[in-house]
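Per-entry structural report
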Number of protein chains: 2
Amino acid sequence: MQSPASLAVAYRANGRKLTPQRQLIFQLMHENETHPTAEDLFAQASAQMPGISLRTVYQTLNELAEMGELQFIEIGSGATRFDPNVGDHHHAVCDSCGQIRDVHVRGAATLRPTDSTDFVINEVGVVFRGICSACETSRRKGSSQRGAKSPVQQAKASKK
Amino acid sequence: MQSPASLAVAYRANGRKLTPQRQLIFQLMHENETHPTAEDLFAQASAQMPGISLRTVYQTLNELAEMGELQFIEIGSGATRFDPNVGDHHHAVCDSCGQIRDVHVRGAATLRPTDSTDFVINEVGVVFRGICSACETSRRKGSSQRGAKSPVQQAKASKK
DNA sequence: CAACTAATTTGCAAGTCATGCGAATTAGCA
DNA sequence: TGCTAATTCGCATGACTTGCAAATTAGTTG
Ligand SMILES: [Mn+2]
Ligand SMILES: [Mn+2]
Ligand SMILES: [Zn+2]
Ligand SMILES: [Zn+2]
C-alpha cells in the first residue's frame, strides 16, 4: 500500500473520487499489520464515522485490491482478511487465536516444485501454522485443552 | 487417507457405523487428486446413489477430517476443497481454471521464518499460483484476455 | 431371524460472509 | 452555483455450510 499522499493520485489515475469513506478506510489499513476482516474494519471505521456502511467497506477494499494497494488472505477461518502489505512476505497463523503475523522466508521466491514443471508460476506463498508465543504461554499456565480439533474445525467452531 | 480395507476398522475404532453413504464417499475420495468441493462430490455420489443428501456429504467429510483421513484446503475460491492426501505435499493453483494439483517441494518442511522465532511451527504449507499448461496453451491460441483481475477476484467472479 | 436402540441420514431452517441493485447523496468540475 | 457521473447505503439475494429433529437403519442381542 502506498503512502497516504499518493492515495489521491492513485484514485484519480483510476478516475475515482476521493471520498471521506475511502480516506478513512485507507487510513485504517495503512501500515496495519493485523490482517483485519471487513467486519473488523467496519467496527473501527464506524467509531470514527458513524453511519458508514459495511457495504462501502467491502466495496472500498475490493477497489483497493484491484488497484493493487492490498491483497486478500484466505486462511480458511471464515472471513477474508486484508493485507496492505503487498511486498514480498509470508504468514504465520496461530491455530489457537487466529492471529496472522508477517514473516519473511529466505529463498521462498525461488522455491519450485520438483514435479509439475509445466506450470507457469506467478507467485509463491508460504504459510506457517502453529502456536504464537502469547497462546503458548497462557496455555502452559491454566486452561486445560478441551477437545483437540483441527485448525479449520477450530476456526469454524469459533464462528458462532 | 487409508486403504479401503482399513476404513471399517477406522470407523469402528471411532464407534461409528459403516453405512453405504460413508463407503461411497470414501471410495470417491480415495486416491482422488482433484481436490473436489462438497458439491462436486455430491454430484458424483448422486449419480451412484440417487437420494443421497448433500448434508450427509458434508457430514461425512467433516468426520473423515476429524479422523485424520483427509484435509481441508481453502484457496479463497469460495468452497472448501477436500484432499485425501494428508502426507507431505504442497499445491499449485491455476488462477485461470482453478485447478489444484499436488506438488512436492524439496526442503519445504524445514523452511523457517527469518523473524518471528517465538512461534511454535506445526506445519508448513507452500502454495504456487500461476497458470497450468492446459490454460497456457488455450490462452496462446485464441481468447483475448478480457479484464485482468486478481486471482481472488477471478475466483469470486466465476462463482455465479 | 426378530427386536431393540443408538447412530445416522435427510430435508429444511438458519447462519455467515459477500455481492447485486437501485434510490439517494455527493465529489469534482464547468 | 449547478450539473452529473460516481459513490454510498440499505436491503435483497446468493453461495456455502451448519443446526435441528423426525424418520430410518446398522449392528447387536436373545
Ligand atoms: Mn501480511
Ligand atoms: Mn493435495
Ligand atoms: Zn495465538
Ligand atoms: Zn488452468
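Residues numbered from 1 in each chain as written. Chains lettered and ligands numbered in written order. Predicted model: local features only at pLDDT ≥ 70, side-chain atom pairs only at ≥ 80, totals over all residues. Heavy atoms only, no water.

This next bit is on the coordination of the zinc ion (ligand 4). Residue and element names in this part refer to chain B. Within the first shell, the zinc ion (ligand 4) binds the protein through Cys-94 (SG), Cys-97 (SG), Cys-132 (SG) and Cys-135 (SG), at distances of 2.2 to 2.3 Å. If you look at the zinc ion (ligand 4), its four donor atoms make angles of 106 to 117° with each other, and the shape they trace is tetrahedral. Within one chain, the residues serving as donors to the zinc ion (ligand 4) are arranged as C-x2-C-x34-C-x2-C. With Cys-97 in the loop between β3 (90–94) and β4 (100–103) and Cys-135 in helix α5 (residues 133–140), this residue pair connects regions lying 38 residues apart in the sequence. (Donors = N, O, S within 2.8 Å, 3.2 Å for Na, K, Ca; no water. Tetrahedral: all angles 85-135°; square planar, octahedral: opposite > 155°, others 65-115°. Helix = DSSP H or I, 4+ residues; strand = E, 2+ residues; numbered from the N terminus.)

Attention now moves to the interface of chain B and chain A. Contact with chain B, which involves 41 residues of that partner, is made by 42 residues of chain A. Both sides together, the interface formed by chain B and chain A hides about 3500 Å², and carbon and sulfur atoms give 56% of it. The interface formed by chain B and chain A includes two salt bridges. Counting every contact that joins chain B to chain A gives 16 residue pairs in polar contact (both at pLDDT 80 or more). For the side of chain B that touches chain A, the secondary-structure elements that each account for two or more residues are β3, β4, β5 (119–132), α5 and α6 (151–157) of chain B. In terms of residue count, β5 of chain B provides more of the side of chain B that touches chain A than any other element does, 14 residues in total. Looking at side-chain class alone, the side of chain B that touches chain A contains 18 nonpolar, eleven polar and twelve charged residues. With 13 bridges connecting them, strand β5 (residues 119–132) of chain A and β5 of chain B associate as antiparallel partners. Looking at the pairing, Phe-119 of chain A lines up with Cys-132 of chain B of β5 of chain B. (Contact = heavy atoms within 4.5 Å. Buried area = accessible area lost by both parts, 1.4 Å probe. Salt bridge = Lys/Arg side-chain N within 4 Å of Asp/Glu carboxyl O. Polar contact = N/O pair within 3.5 Å; in protein donor to acceptor, adjacent residues only side chain to side chain. Nonpolar A, V, L, I, M, F, W, Y, C, P; charged D, E, K, R; others polar. Pairing = 2+ DSSP bridges.)

Before going further, it helps to examine the protein's contact with DNA strand D. Neighbouring residues of DNA strand D: 20 residues in total, closest Thr-19, Arg-22 and Thr-56 of chain A together with Tyr-58 and Thr-80 of chain B. Each atom of DNA strand D within 4 Å of the protein was assigned to sugar, phosphate or base; sugar and phosphate come to 66%. Thr-56 of chain A is positioned such that a nitrogen or oxygen atom in its side chain is 2.7 Å from a phosphate oxygen of DNA strand D. The separation between a phosphate oxygen of DNA strand D and a polar side-chain atom of Tyr-58 of chain B is 2.4 Å. Contributing elements (two or more residues each) for the surface near DNA strand D: α2 (20–29) and α4 (54–66) of chain A together with α4 (54–66) of chain B. (Near = heavy atom within 4 Å.)

Turning next to the protein's contact with DNA strand C. Every one of the 20 residues lining DNA strand C counts as a neighbour, but Tyr-58 and Thr-80 of chain A together with Thr-19, Arg-22 and Thr-56 of chain B are closest to it. For DNA strand C, the backbone makes up 67% of the atoms found within 4 Å of the protein, where backbone means sugar plus phosphate. Between Arg-55 of chain A and DNA strand C, the recorded distance is 2.8 Å, taken from a side-chain N or O atom to a base oxygen. Here a phosphate oxygen of DNA strand C and a side-chain polar atom of Thr-19 of chain B are 2.5 Å apart. Among the elements of the structure, α4 of chain A together with α2 (20–29) and α4 of chain B are those that each provide at least two residues to the surface near DNA strand C.

All right, on to the domain arrangement of chain A then. The extent of an interface is frequently quoted as the accessible surface area lost upon association of the parts. All names here are of chain A. Annotation of chain A at the domain level lists domain 1 (1–85) and domain 2 (88–148). Of note, the centres of domain 1 and domain 2, computed from C-alpha atoms alone, are 24 Å apart. Taken together, the contacts link eight residues of domain 1 with eight residues of domain 2. Looking at the side of domain 1 facing domain 2, the largest losses of area belong to His-35, Ile-75 and Asn-85, adding up to 60% of the total buried there. (Domains from an automatic or database assignment.)

The next point concerns the environment of Asn-32 of chain B. All names here are of chain B. For Asn-32, the location among the structural elements is in the loop between α2 and α3 (38–48). Sequence separation between Asn-32 and Thr-137 is 105 residues, and the spatial gap between their C-alpha atoms is 25 Å. Among the polar contacts listed, one links the side chain of Asn-32 to the side chain of Thr-34, at a separation of 2.6 Å.

Residues and elements named next belong to chain B. When the terminal C-alpha atoms of α4 are compared, their 19 Å separation across 13 residues agrees well with the 18 Å that a helix rising 1.5 Å per residue should span. Listing the buried residues of α4 in full gives Val-57, Thr-60, Leu-61, Glu-63, Leu-64 and Ala-65. Along its buried surface, α4 packs onto α1 (4–13), α2, α3, β1 (71–73) and β2 (81–83). Positive phi shows up at Gly-68, right after α4, with a value of about 75°. (Expected span 1.5 Å × (residues − 1). Buried < 20%, exposed > 50% of the residue type's maximum accessible area, 1.4 Å probe, protein only.)

Residue and element names in this part refer to chain A. Overall, the coordinates contain two aromatic pairs over all chains when judged by the stated rule. With a centroid separation of 5.0 Å and 85° between ring planes, the pair formed by Phe-72 and Phe-82 is classed as edge-to-face. Placement of Phe-72 in strand β1 (residues 71–73) and of Phe-82 in strand β2 (residues 81–83) is noted, with a sequence separation of ten residues between them. Comparing Phe-72 with Phe-82, the two get one shared label, buried. (Phe/Tyr/Trp six-rings, centres within 6.5 Å; stacked < 30°, edge-to-face > 60°.)

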